[in-house]
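One letter stands for each residue in the lines below.
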Amino acid sequence: MLARVVAAAIVALVGLVVAPVPLAAAEGDGQCTQVVDPITNEVKWVCENGGGDPGGGGQNPGGGSSTCTYAGSEIPCSLGGGQWSSKNACYVIPTPVSPQPAPPPGQTDQDGDWHNCIQPAGYLGSNQPVWVEAGETLIDPAVLAQRAIASMNLDPITIGIVPEPGPDRVGLVGLPVWMWVEDQAPNTYGPITASASQGPVSVTATAKVSSIVWDMGDGTKKTCTGPGTPYEDRYGKQDSPTCGHRYEQMSDDQPDDAYQVTATSHWVVEWSGGGQSGTIEFDITTEPLPIRIGEAQVLTQ
Amino acid sequence: MRKHHSALGGVALALALALTGCGGDDNEPTVQETPSQSPSPTTPAASPTPKTDEEKAAAQLTAYLDVRDDFYRQATIDFKRLNKVATGSEFLNVQQHVSAIERSGGKVTGEYVHTLGEPRDRGAYILIIDCEDRSGVERTNKAGQLVPEPTGPDGKPVPNPLPIEYTLVKEKGRWLVSEQNGLLEESC
């Protein structure tokens, strides 16, 4: 149940408040909760799928998850546009309250603003706004983590494969195919570290590829947890010790007479900062690489 | 099926009084897991003290809806009351809802009518569907104008009445409302 709390995507709609944070599995698909527009007072229902795909699964990093704790329990770090503030032990809504009450003793109007808070379960105090000092950034560290990832300029791997692609290159049915990461670099395989900051909040993220899914184009998907082993002539007809495949049929019935091979790198980014930590996962896929496969008897005719 | 109007007083308050055995100092309709004192002789006898988990959960949901609807109308939160009936995301939901009402400068007036379905015990939690009728509720913006009917993800008005499924979990011996799920494709 707790894992679902953390994994649940918190929908941050501009100008709306939202709190789809399931604590127990409801029956059926999806979760629909009310949101209220703080400008118009209109009610809208927002639904999210029950399953979800926290990893994103696409070319771009997903939202991932971040971890905040309160009273020993994990809680979402952002909620309806509000950010968890360990200092105030509540979700601070960025928009200052209006009209502003008088500043606290020793402070002036120029020193900060009063903000409303969303209090965590169990709160027993009064419903009072909190004082946020000017320059105290209300930013979600997970957003900074995304910026750090963007600065890494991550790329898909360069495919290393034997048999090699090319119009005059043909592999044989039944013979070993070797796959590996060619020209391995920090921005194609990791590890790579970058930081991003705003105001006093700084986040450091380290990204690395945890696995590569090789789509061989013949319906086979081979998952390799390492970069693979580059082929050398001395290996002859040996299987790759780390990442290989054997085609069972020729590719002459495929578009352009070739299997279209892709490699999808699964990136895992661990980040921390701003009193929080989290993991963001996403995939990056190469362009298809055509590999032609024939049979020896055909090739010798 | 249990039906009640959400304003303080009437059936809901009678039920709350029957459950707690006393009026309390702040009209807090709360169901204790442990046996409470006997109802006073003046307590209406129509609402029996809940005995099973399902009955206790239903009574707590009724109490929660009363509290929530009060907060909507008053545009303020009384955490002492909220703590006794809600937890988890619903604890946050109601605050966000009230905060948005307050920030918008609008108002919520009138009464929701809640009709609870049969509780479904799922072991770790209990599910109850409330058929919420908002016919008697008026929602206005800062200018005092009525705001449009609530809409679904498709932008179309959601049905009225609307079935809303609530999840209740047991914390420290007390059933608390932990989340809501609007069943937008279903009808009451």
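Residues numbered from 1 in each chain as written. Chains lettered and ligands numbered in written order. Predicted model: local features only at pLDDT ≥ 70, side-chain atom pairs only at ≥ 80, totals over all residues. Heavy atoms only, no water.

Visitor: What exactly am I supposed to notice about the overall build of chain A here?
Guide: The helix and strand inventory of chain A stands at four helices and 20 strands. Within chain A, the fraction of its 301 residues that count as buried is 44%. Total accessible area on chain A stands at roughly 14,600 Å², and carbon and sulfur atoms take up 50% of it. (Helix = DSSP H or I, 4+ residues; strand = E, 2+ residues; numbered from the N terminus. Buried < 20%, exposed > 50% of the residue type's maximum accessible area, 1.4 Å probe, protein only. Areas by Shrake-Rupley, 256 points an atom, 1.4 Å probe, with all protein chains shown as cover.)

Visitor: Would you explain helix 2 (residues 53-74) of chain B in this entry?
Guide: An α-helical turn contains 3.6 residues, so a residue and the one three or four places further along point in the same direction. All names here are of chain B. The first and last C-alpha atoms of helix 2 sit 31 Å apart over 22 residues, in line with the 32 Å expected at 1.5 Å per residue. Summarising burial for helix 2: 17 of the 22 residues are buried, a large majority. Phi turns positive one or two residues past the end of helix 2, at A75, with a value near 55 degrees. (Expected span 1.5 Å × (residues − 1).)

Visitor: Is there a simple way to think about the confidence of the model for chain B in this case?
Guide: The predicted structure's coordinates, where accompanied by low pLDDT, should not be read in detail. Residues and elements named next belong to chain B. Mean pLDDT over chain B: 81, with 75% of residues reaching 70 or higher. Here residues 6-45 is a poorly scored stretch, pLDDT under 50, and it has 73 contacts once near neighbours within four places are set aside; other chains count. With a pTM of 0.56, the predicted complex shows an ipTM of 0.77. (pLDDT = per-residue confidence, 0-100. Contact = heavy atoms within 4.5 Å.)

Visitor: Help me understand the sheet that holds strand 10 (residues 158-162) of chain A in this model?
Guide: Hydrogen bonding along the main chain pairs the strands of a sheet, whether they run parallel or antiparallel. Residue and element names in this part refer to chain A. In spatial order, the strands read 10-12-16; together these three strands make up an open sheet with antiparallel pairing. Because the sheet does not close on itself, it has two edges, and the strands there are strand 10 and strand 16 (244-246). Neighbour-to-neighbour, the strand axes of the sheet open up by a mean angle of 25 degrees, direction not taken into account. Of the pairings in the sheet, the one linking strand 12 (residues 176-182) to strand 16 comprises three bridges and is antiparallel in character. Its bridge partner being in strand 16, W178 is matched across the sheet by G244. (Pairing = 2+ DSSP bridges. Axes fitted to C-alpha atoms, helices over the stretch in contact; angles between N-to-C directions.)

Visitor: Looking at this structure, how should I read the interface of chain A and chain B?
Guide: When the parts of a complex come together, some accessible area is lost, and that lost area is often taken as the interface size. Between chain A and chain B, the residue contacts involve 42 residues of the former and 48 residues of the latter. Between chain A and chain B lies a buried interface of about 3,600 Å² when both sides are counted; carbon and sulfur atoms form 54% of it. The interface formed by chain A and chain B includes zero salt bridges. Where chain A meets chain B, there are twelve residue pairs in polar contact (both at pLDDT 80 or more). (Buried area = accessible area lost by both parts, 1.4 Å probe. Salt bridge = Lys/Arg side-chain N within 4 Å of Asp/Glu carboxyl O. Polar contact = N/O pair within 3.5 Å; in protein donor to acceptor, adjacent residues only side chain to side chain.)

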